[in-house]
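Chain and residue survey
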Amino acid sequence: MSGIAIKICGLKTPEQVRAAADAGASHVGLVHFARSPRHLSLEDAARLRQAVPDAVKPVLLVVDMPQDELRRACEAVRPDVVQLHGKETPETCAALRDVLGCEVWKACGVKDRAMLDDAQRYVGAVDMLLYDAPAGKLPGGQGLAIDWSLFSGFKHKAPWGLAGGLTAQNVGEAIRQTGAPLVDTSSGVESAPGLKDIEKIRAFCRAARDA
Ligand SMILES: O=C(O)c1ccccc1N[C@@H]1O[C@H](COP(=O)(O)O)[C@@H](O)[C@H]1O
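Everything numeric in this text was worked out from a predicted model, so none of it was measured.

Concerning the overall build of the protein chain
Within the protein chain one finds seven helices and ten strands. Over its C-alpha atoms the protein chain spans a radius of gyration of 16 Å, differing by no more than 12% from the 17 Å that the globule rule assigns to 211 residues. Taken along the three principal axes of its C-alpha coordinates, the protein chain extends 40 × 40 × 30 Å. Counting only residues that meet the buried cut, the protein chain has 41% of its 211 residues in that class. Residue pairs at least 24 apart in sequence account for 55% of intrachain contacts in the protein chain once pairs closer than 6 positions are excluded.

Describing the site of the ligand
In the neighbourhood of the ligand, 29 residues make up the surrounding shell, with C9, S36, G140, G141 and S187 lying closest. Contributing elements (two or more residues each) for the shell around the ligand: β2 (27-31), β6 (128-132) and β8 (182-185). Of the residues belonging to the shell around the ligand, the class tally is twelve nonpolar, 14 polar and three charged.

A look at the UniProt feature "domain: N-(5'phosphoribosyl) anthranilate isomerase (PRAI)" (unreviewed entry) in the protein chain
Here, UniProt's "domain: N-(5'phosphoribosyl) anthranilate isomerase (PRAI)" (unreviewed entry) annotation points to residues 6-205. Helix makes up 32% of residues 6-205 and strand 22%. Its end C-alpha atoms lie 7 Å apart.

A short note on the nonpolar core
Core analysis: the biggest nonpolar cluster contains 57 residues, and I8, V28, L30, L60, Y131 and V183 have the highest contact counts within it. No other element matches the five residues that helix α7 (residues 198-210) contributes to this core. When near neighbours in sequence (up to four residues on either side) are disregarded, I8 contacts A20, A25, V28, G29, T185, V189 and I201.

A closer look at the confidence of the model for the protein chain
Summing up the model confidence of the protein chain, the mean pLDDT is 96 and the portion of residues at 70 or higher is 99%. For this predicted complex, the interface confidence comes out at an ipTM of 0.97, alongside a pTM of 0.96.

Considerations on the packing of helix α3 (residues 67-77) against helix α4 (residues 90-100)
Between α3 and α4, the shortest axis-to-axis distance is 11 Å and the interhelical angle comes to 35°. Read as a crossing pair, α3 and α4 show a hand that is right-handed. For the pair α3 and α4, contact is made by Q67, L70, R71 and C74 and by A95, L96, V99 and L100, respectively. The residue makeup of the contact of α3 with α4, split by class, is six nonpolar, one polar and one charged.

Focus: the pairing of strand β3 (residues 57-62)
Along any regular strand the residues' side chains alternate between the sheet's two faces. Most of β3 sits out of view: five of its six residues are buried. Relative to β3, β2 runs parallel, the two sharing five bridges. Counterpart to L30 in the pairing with β3 is L60. For the handedness criterion, the β-α-β arrangement of β2, helix α2 (residues 42-49) and β3 is classed as right-handed.

Points about unusual backbone geometry
The phi dihedral of D64 falls on the positive side, at around 50°, and the residue is not glycine. Tracing the sequence through the fold places D64 in the loop between β3 and α3. D64 gets classed as partly exposed once you count the C-beta atoms within 10 Å, which come to 13. Even without a glycine there, the phi angle at R78 is positive, about 55°. You can see R78 is positioned in the loop between α3 and β4 (81-84). Judged by local crowding, R78 falls into the partly exposed class, with 16 C-beta atoms found within 10 Å.

Examining the pairing of β8
With burial as the criterion, each face of β8 is covered, one bearing L182 and D184 and the other bearing V183 and T185. Direction of pairing for strand β1 (residues 5-9) relative to β8: parallel, over a ladder of four bridges. Bridged to A5 within β8 is L182.

Thresholds applied
- Residues numbered from 1 in each chain as written.
- Predicted model: local features only at pLDDT ≥ 70, side-chain atom pairs only at ≥ 80, totals over all residues.
- Helix = DSSP H or I, 4+ residues; strand = E, 2+ residues; numbered from the N terminus.
- Rg over C-alpha atoms; globule rule 2.2 N^0.38 Å.
- Buried ≥ 20, exposed ≤ 12 C-beta atoms within 10 Å, placed from the backbone.
- Contact = placed C-beta atoms within 7 Å.
- Near = placed C-beta within 6 Å.
- Nonpolar A, V, L, I, M, F, W, Y, C, P; charged D, E, K, R; others polar.
- UniProt positions renumbered as here; feature names shortened; annotations may be inferred.
- Core = buried A, V, L, I, M, F, W, Y, C linked by C-beta atoms within 7 Å.
- pLDDT = per-residue confidence, 0-100.
- Axes fitted to C-alpha atoms, helices over the stretch in contact; angles between N-to-C directions.
- Left-handed = near helix turned anticlockwise from the far one by under 90°.
- Pairing = 2+ DSSP bridges.
- Right-handed = clockwise from strand over helix to strand, strands pointing away.

Structure below.
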């Protein structure tokens, strides 16, 4: 069995959190972004966070949230990780990392080698770079895959993870092609936008662990 880290994002119920944890997820994502079909109020996110077992890290996903608001959100939800999925600059990320008292991950949209090179501006400012497809109508959660061949021969200078359109069917190939140490999925384990499917969560975790 591989030691790959697995994040299942956009969970809404304690049953889904338990299913992800039992299936071997290392991280579960709680989305606080009003335009997302996976949005949770801070009250609901704080309640759901209590259902996360100690062995699993809760990740609070936000988009371009002002520092003071995000600090208060973290006090309420107590995540182990904040995932910044907007246009936050390296300077903003570094400042947040200083004040939040938890890990800070930056999602970077990449569709070509120039965008991958540009994302390296965040090295040193964040705890992990999470590569995703570039923003479309929404900044993420779009089910769009990256061209994995971009990572071929790329020398990573910081911890990193792979997101974007990952499913039980393609995650094994994605891991083999990219060597990603962490994989992250949201829409790939749903039966409709915002509706998680527990069987798909189990199948995704199995496929990632078996890769
Ligand atoms: O999940 C969302 O609704 C979302 C909203 C705004 C920003 C990011 C969001 N999700 C993250 O996007 C990537 C890729 O998701 P997908 O697997 O392609 O659906 C992942 O990190 C999600 O956590």
